[in-house]
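The chain contents come next:
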Amino acid sequence: MSRVLSGLQPSGDLHLGNYLGALRNWVADQDAHDAFYCIVDLHALTLDVDPAELRTRTHDTALDLLAAGLDPDRCTLFVQGHVAEHARLAWLLECTATMGELRRMTQFKDKSAGKDSVRVGLFTYPVLQAADILLYDAERVPVGEDQRQHLELARELAIRFNHRYGPTLVVPEGSIPTIGARVMDLQHPERKMSKSVSSPLGTVLMLDEPDEILRKVKKAVTDTDNEVRYDPEAKPGVSNLLELLAVATGSTPATVAGSYQRYGDLKVAVAEALIELLRPVRERRAALAADSGTVPALLAKGAEKARAVASVTYARSAEAIGLLGPD
Ligand code: AQP
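The present account deals with the structure reproduced in this document. Everything numeric in this text was worked out from a predicted model, so none of it was measured. (Residues numbered from 1 in each chain as written. Predicted model: local features only at pLDDT ≥ 70, side-chain atom pairs only at ≥ 80, totals over all residues. Heavy atoms only, no water.)

## Some words on the overall build of the chain
Counting its secondary structure elements, the chain contains 13 helices and five strands. Against the 2.2 N^0.38 benchmark of 20 Å for 327 residues, the chain shows a C-alpha radius of gyration of 20 Å, consistent with a compact globule. Considered along the principal axes of its C-alpha atoms, the chain spans approximately 70 × 45 × 40 Å. Considering the chain as a whole, with its 327 residues, one finds that 50% of them fall into the buried category. Here the contacts in the chain between residues at least 6 apart in sequence split such that 76% fall between residues at least 24 apart. For the chain, the exposed area adds up to about 15000 Å²; of that, 53% sits on carbon and sulfur atoms. Distance between charge centres in the chain, computed from 37 positive and 45 negative side chains, equals 2 Å. (Helix = DSSP H or I, 4+ residues; strand = E, 2+ residues; numbered from the N terminus. Rg over C-alpha atoms; globule rule 2.2 N^0.38 Å. Buried < 20%, exposed > 50% of the residue type's maximum accessible area, 1.4 Å probe, protein only. Contact = heavy atoms within 4.5 Å. Areas by Shrake-Rupley, 256 points an atom, 1.4 Å probe, with all protein chains shown as cover. Lys, Arg positive; Asp, Glu negative; His and termini not counted. Charge placed at Lys NZ, Arg CZ, Asp CG, Glu CD.)

Structure, rendered in structure tokens:
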């Protein structure tokens, strides 16, 4: 079975973009692939976060992932910070990457824009992400569109490392869904739905109650020409709604567009489809909350499985680059 790897930050409540762009595909990949999924707590340190809150979020994110359908018997679910090799390989890769290529990362530009003081970790974040992927010899990386540039960097660093030090790292391929890969904020359809940007009305949370979903979708920004048509450039708000309906009902945006004349009807259909899509996740999450005592043991077991793979890749990389081994 080919290996897949993906990660998610414990940086806030999971939303529809995380579910459609990533989690749904993670769940689907569990049986056909040797799947490794990590909660990337080290990445969450790149922005300001309260220590106690980070610990709680990391724990609760594990519950959210289980509710979304991950099954620790069919995949390896672990916390990045529990496997020391992530930081160790990241250093070898920092000594492979260049300042110029990190400066080109659009996510760094967006998140550092207008700030007087920017953490070094925010700058080197994509290198740590490359280490996350390369440590597991992942052949496929299922992510949303926002990660395309980071993934390309991971590929480039693997190729460069192999070129300099001999064949060591597996060069991964990205796997980006054709629809649902870039769910936009309902209030600001020009930007992606995100955990770390506050937009309460524009963000449909994975665990939102049905009436909340209906309220947010009804208030979604559209435009004034009142024509239901799929055209992401000219009609970003309406097109986002059509994509959501298409992905929730297994159709295409252009096809679903043909069934609606009015924005109001489209919004009700979108809300109903999302409520049904997320209902089982919300129900499983409520059941899991009552049984959260099992999470630490489950994550410990996941970390052990992850370490067994990561330690081998790290040792191979350290040797290739010329570090003297401990024995
Ligand atoms: N809006 C989105 N549409 C589709 N996929 C998305 N993903 C994130 N947002 C969207 C995918 O979800 C996975 C986890 O990514 P993340 O933890 O980085 O999610 P985030 O919500 O984007 O969180 P942050 O904290 O705001 O992080 P930034 O903005 O730094 O990414 C990934 O596969 C991602 O593609």
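Having seen the structure, we can now continue with the description.
## Here's the deal with the pairing of strand E2 (residues 34–39)
For E2, the tally of buried residues reaches five of six residues, placing the bulk of the element in the interior. As paired elements, strand E1 (residues 3–8) and E2 share six bridges and run parallel to each other. Bridge pairing in E2 places Arg3 opposite Asp34. One crossover worth recording links E1 to the parallel E2 by way of helix H1 (residues 16–32), and it is right-handed. Relative to strand E3 (residues 76–79), E2 is paired through four bridges, and the arrangement is parallel. (Pairing = 2+ DSSP bridges. Right-handed = clockwise from strand over helix to strand, strands pointing away.)

Such coordinate-based values are descriptive only and should not be taken to indicate function.
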